[in-house]
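Structure at a glance
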Amino acid sequence: MYKLVILFGQPSDLLEFDTGWQAFLGMVEQMPGLRRESVSLVSSMIFGDSKLRPFKIHELYFDDLPALEAALASEAGQQAGEWLH
């Protein structure tokens with residue numbers, strides 16, 4: 001099992017982020033080979049610099065590295081990557 005972990009910092013505009021996030025989810029869910037995904041909101045950190053605390057963690061699970069690479073190279077994967085940038 002291979003997992004891609006995406007860490008999101010606190011957005012400056014929550015409404016804009018949420019709108020884009022919905023589109024991003026649609027793209028991710030079209031990626032071939034995606035087995036499971038998990039999304040977590042981070043409310044606090046036990047240790048470390050709180051300024052570095054991620055806002056959200058999104059985990060994407062694939063069977064193996066070739067499946068992950070194929071998903072990232074797919075049209076949906078490319079579109080999701082564009083949104084991330």
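Check the entry above for the structure.
Residues numbered from 1 in each chain as written. Predicted model: local features only at pLDDT ≥ 70, side-chain atom pairs only at ≥ 80, totals over all residues. Heavy atoms only, no water.

**Considering the pattern of salt bridges**
- Evaluation of the coordinates by the stated rule reveals 2 salt bridges.
- The shortest N-O distance in the salt bridge between Arg35 and Asp63 comes to 2.9 Å. You can see Arg35 sitting in the loop between α1 (14-28) and β2 (36-41) and its partner Asp63 sitting in the loop between β3 (56-62) and α2 (65-73), a full 28 residues away along the chain.
- By relative accessible area, Asp63 is classed as partly exposed at 40%. (Salt bridge = Lys/Arg side-chain N within 4 Å of Asp/Glu carboxyl O. Helix = DSSP H or I, 4+ residues; strand = E, 2+ residues; numbered from the N terminus. Buried < 20%, exposed > 50% of the residue type's maximum accessible area, 1.4 Å probe, protein only.)

**Description of the nonpolar core**
- Residues Phe8, Trp21, Phe24, Val28, Met31 and Phe62 are the most contacted members of the largest nonpolar core, which totals 17 residues.
- Elements with a minimum of two residues in this core: β1 (2-8), α1, β3, α2 and α3 (75-84).
- Among the elements that make up this core, the one with the highest residue count is α1 (6 residues).
- In this view, Phe24 contacts Ile6, Phe8, His58, Ala80, Trp83 and Leu84; residues no more than four positions away in its chain are not counted. (Core = buried A, V, L, I, M, F, W, Y, C linked by side-chain atoms within 4.5 Å. Contact = heavy atoms within 4.5 Å.)

**Comments concerning the sheet that holds β2**
- Reading across the sheet, the 3 strands line up as β1-β3-β2 and stay open at both edges, with antiparallel pairing between neighbours. The sheet is open, and its two borders are formed by β1 and β2, each paired with just one other strand. Within the sheet, the average angular offset between the axes of one strand and its neighbour, ignoring direction, is 15 degrees.
- Sheet topology places β1 next to β3; 7 bridges connect them, and they run antiparallel. For Phe8, the partnering residue across the bridge sits in β3 and is Lys56. (Pairing = 2+ DSSP bridges. Axes fitted to C-alpha atoms, helices over the stretch in contact; angles between N-to-C directions.)

Nothing here speaks to function; it is all geometry.
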